[in-house]
Amino acid sequence: MTRWISALACWLCLMASAQATLTIEITEGVEDAEPIAVVPFGWQGQDAPAVDIAAIVAADLRRSGRFRPMAEKDMLAKPSQTAQIRFKNWRIMDVPYLVIGQMREVGENSYQVEFRLFDVFRAKQLTGYRMPPVRRAQLRMIAHQISDAVYQEITGERGAFATRLAYIKKLSKQADDPYRYLLFIADADTENERPVLRSRNPIFSPTWSPDGSKLAYAVARSTGQSIYVFNLASKRIVQLTRPGEKFSAPAWSPDGRKMAMAKLENGSSDIFVMDLDTLQKRRITRHWAIDTEPTWSPDGKSLVFTSDRGGSPQLYQYDFDTGKVKRLTFEGKQNLRASFSPDGRMICFVRMGEDGQHTIAVMDLENETTQVLSKRSQQESWHESPTFAPNGSMIMYAAIWHGKNVLAAISVDGRVHQRFSVKTGANVQEPAWSPFLD
Amino acid sequence: MKQLAKLAVALIPLVLMVGCGSKSGTSEEAGETAVKGGKPALEGGAMGRGPAAERLEAGQVGQAGQTGETAAQAGAASAESEADNFAALLQKRKIYFDFDKSDIKPEFRDIILAHAKYLAENPTVKLTIEGHCDERGTREYNMALGERRAFAVKRMLILNGASRDQITTISYGEERPEVEGHDESAWKWNRRAVLVYSE
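Criteria and thresholds
- Residues numbered from 1 in each chain as written.
- Chains lettered and ligands numbered in written order.
- Predicted model: local features only at pLDDT ≥ 70, side-chain atom pairs only at ≥ 80, totals over all residues.
- Helix = DSSP H or I, 4+ residues; strand = E, 2+ residues; numbered from the N terminus.
- Buried ≥ 20, exposed ≤ 12 C-beta atoms within 10 Å, placed from the backbone.
- Contact = placed C-beta atoms within 7 Å.
- Core = buried A, V, L, I, M, F, W, Y, C linked by C-beta atoms within 7 Å.
- Domains from an automatic or database assignment.
- pLDDT = per-residue confidence, 0-100.
- Pairing = 2+ DSSP bridges.
- Axes fitted to C-alpha atoms, helices over the stretch in contact; angles between N-to-C directions.
- Parallel < 35°, antiparallel > 145°, perpendicular 65-115°, else oblique.
- Nonpolar A, V, L, I, M, F, W, Y, C, P; charged D, E, K, R; others polar.
- Expected span 1.5 Å × (residues − 1).

Engineer: Hey, could you run me through the overall build of chain B in this one?
Structural biologist: Along its length, chain B carries five helices and five strands. The secondary structure elements of chain B, listed N-terminal to C-terminal, are α-β-α-β-α-β-α-β-α-β. Counting across all 199 residues of chain B, residues that qualify as buried make up 39%. Here the contacts in chain B between residues at least 6 apart in sequence split such that 75% fall between residues at least 24 apart.

Structure follows, in structure tokens:
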């Protein structure tokens, strides 16, 4: 029990230090977003709770671009129980959806949250849950789960709010320590960030296991690049590739049993696939050119990778059945680092234009049409490391904004754009969006 | 109600993650302690080791502005100036590249030939070649490109008398820029191979 308490204290410290560092800014929105009222939750307990569930839910829904939550000051009433609702208060505001709820303190550092979603015009409850009691530190995640439930009930699509991000922060030069690299995990809204790993050597290419329990990443040491797997629950680290061999660019297969990777050897780079049970590696490409950044199609039948075999880095697709390689990209000076949408219909990748600038592009694999998604501006440029949300609705990427490395996200239809500003001055790079975590 | 049960189950792994996650704070990345002294020679920091280090103690090694100079200056034909010239070439440890290229530009040939000669004459000496890139292109692509640049230097050294086992290559991709910045004035110093001696 004491361990739990000290663990919690530590967790809260991390939270407190992280809380002020990130702000979300929605830079472009959608006019036809659905109005919704998320009423401040009722509260039964001693002191006021630190977490405003309704505000988190409203922020989540707004970030999706699909909803336009009503401002609290415009609400004519603030019901927290079904019996208190007067639907005409909401009908006259022309708000079709209403979320109410309450939070109760049920023990020391134990809170129970319940919520209900109503169809205002039909005066009908659409969904509602009483969540199991949690500690204070988990209330944000509870709020994200409520967002997921509301989003799914109304849009019919699964929400990706109760998911996580992994990213690297590269701290600035220190006297005795040229760089410091930290691997962070945060909630999908970049709140609750905490460092899980640190190194004086470059950590890069973090990637989630399909079940969300582990992260693979690469480290560049003076002896070469190696791939590691970090177990989030046990904090155990396993080195997958032997020292002396140089392996990089890890990519989990959809079933989690294999890992594609790039081997650096004799000035070249080739793709290999490792069986994670036997640790045996199988060569996939053999070419004098650079082949790297493999990524699996969700059906596990092909890999897309970056190769400069045509003279500049472009995307190619390897088919496991036929062993054939097909070139996918032809426009743009360079096209690199692809990843698949969860439904396998699209890839997103980095496109370098003639001016050397990076943008995020998506390709529809069926008709092979490409669309540049991210908009560069004087203030925001250098877009890289795109990563799909597990529901395929958004792509997060790293960008330079006013000279700082920040995270940004854009909806796959390009209509909603948002930026997660980092105030600490740390260089945030290489975001990786987790899979669904249940 | 069934859905509620599903949500409850979903919460359990989260609870576990939080509990364990904060237990010991941040972990040190594996093998970290084993890498002491593995610091790269960022600002020509490998001085003091390697050829002719005792004779030329000044800090001019690999200074960015000087790398364009070549053997052309060493016009005097005396044995002494030739030796001086050789020593001066050996002090140059940085080879610069064009964007997305790994071929050795003519102005760096003499530097590499001098190092090849030195390695051939001193077979116990070991050399690590670090490959680096500018920030354009992705991290992993640049890891591979840095490796290719380092290997291009290694190949030329071997062709000119150095032994294969004297030389190892390592790429840092775009991770360790020599000059910070987002334009060609920085990029041109970052696309490089750095020769780091150890005995």
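Engineer: Sorry if this is basic, but what is going on with the nonpolar core here?
Structural biologist: For soluble globular proteins, nonpolar side chains are generally found buried alongside one another. Ranked by size, the top nonpolar core spans 127 residues in total, and within it Ile53, Val57, Val99, Tyr217 and Ile395 of chain A carry the most contacts. Ranked by residue count, the leading element in this core is helix α4 (residues 139–155) of chain A, at nine residues. Two domains each put at least three residues into this core: domain 1 (22–155) and domain 2 (164–433) of chain A. With residues near it in sequence (within four places) discarded, Val57 of chain A still touches Val38, Val99, Ala143, Ile146, Ser147 and Val150 of chain A. Grouped together as the second largest cluster of nonpolar side chains are 28 residues, Leu89, Phe97, Leu157 and Leu195 of chain B included.

Engineer: What is the right way to look at the confidence of the model for chain A in this model?
Structural biologist: Any residue range with low pLDDT should be treated as having predicted coordinates unsuitable for detailed reading. Chain-level pLDDT for chain A is 89 on average; 90% of the residues reach the 70-or-more range. In the predicted structure, residues 1–22 of chain A sits below a pLDDT of 50 and forms 28 contacts with residues beyond four places in sequence or in another chain.

Engineer: Even after reading the chapter, I still don't get the domain arrangement of chain A, so can you show me in this structure?
Structural biologist: How large an interface is tends to be reported as the accessible area lost when its parts come together. Domain boundaries assigned for chain A yield domain 1 (22–155) and domain 2 (164–433). Each of domain 1 of chain A and domain 2 of chain A was reduced to a C-alpha centroid, and the two centroids are 34 Å apart.

Engineer: Explanation requested: the sheet that holds strand β22 (residues 325–327) of chain A in the structure shown.
Structural biologist: What holds strands together in a sheet is hydrogen bonding between their backbones, with the strands either parallel or antiparallel. The strand order across the open sheet built from four strands is β19-β20-β21-β22 (chain A), with neighbouring strands paired in antiparallel fashion. Edge strands, defined here as strands with exactly one partner in the open sheet, are β19 (291–296) and β22 of chain A. Across the sheet, the mean angle from the axis of one strand to that of its neighbour is 30 degrees, orientation sign disregarded. Bridging between strand β21 (residues 314–319) of chain A and β22 of chain A involves three bridges; their strand directions are antiparallel. Its bridge partner lying in β22 of chain A, Gln317 of chain A is registered against Lys326 of chain A. Each of β19 and β20 (302–307) of chain A is contacted by helix α4 (residues 139–159) of chain B, which is oriented at about 150 degrees to β19 of chain A, the strand it contacts most.

Engineer: Explain the packing of helix α2 (residues 79–91) of chain B against helix α3 (residues 109–121) of chain B to me, please; I cannot follow it from the model alone.
Structural biologist: A packed helix pair is summarised by two numbers, namely the angle formed by the two axes and the spacing between the axes. Residue and element names in this part refer to chain B. It is the contact of α2 with α3, at a shortest axis distance of 8 Å, that shows an interaxial angle of 100 degrees. When the axes of α2 and α3 are compared, the pair comes out roughly perpendicular. Every residue of α3 that contacts α2 at Phe86, Leu89 and Leu90 is listed here: Asp110, Ile111, Ala114, His115 and Tyr118. Grouping the constituent residues of the contact of α2 with α3 by class yields six nonpolar, one polar and one charged.

Engineer: Any chance you could explain α2 of chain B here in plain terms?
Structural biologist: For an α-helix the count is 3.6 residues per turn, leaving residues at separations of three or four pointing the same way. Along its 13 residues, α2 of chain B runs 18 Å from first to last C-alpha, staying within 8% of the 18 Å computed at 1.5 Å per residue. By the burial criterion, the buried members of α2 of chain B are Ala88, Leu89, Leu90 and Gln91 of chain B.

Engineer: What exactly am I supposed to notice about the sheet that holds strand β13 (residues 224–231) of chain A here?
Structural biologist: All names here are of chain A. Taken in spatial order, the four strands line up as β11-β12-β13-β14 in an open sheet, and their pairing is antiparallel. The open sheet has two free edges, formed respectively by β11 (203–208) and β14 (237–239), since each of these has just one partner strand. The sheet shows a mean angle of 25 degrees between the axes of neighbouring strands, direction not considered.

Engineer: I would appreciate a short explanation of the confidence of the model for chain B in the present structure.
Structural biologist: Residue and element names in this part refer to chain B. Within chain B, residue pLDDT values average 73, and 60% of them lie at 70 or more. This model gives residues 1–25 a pLDDT under 50, and the stretch forms 31 contacts once residues within four places in sequence are excluded. The low-confidence segment residues 30–76, where pLDDT is below 50, has 63 contacts with residues more than four positions distant or belonging to other chains.

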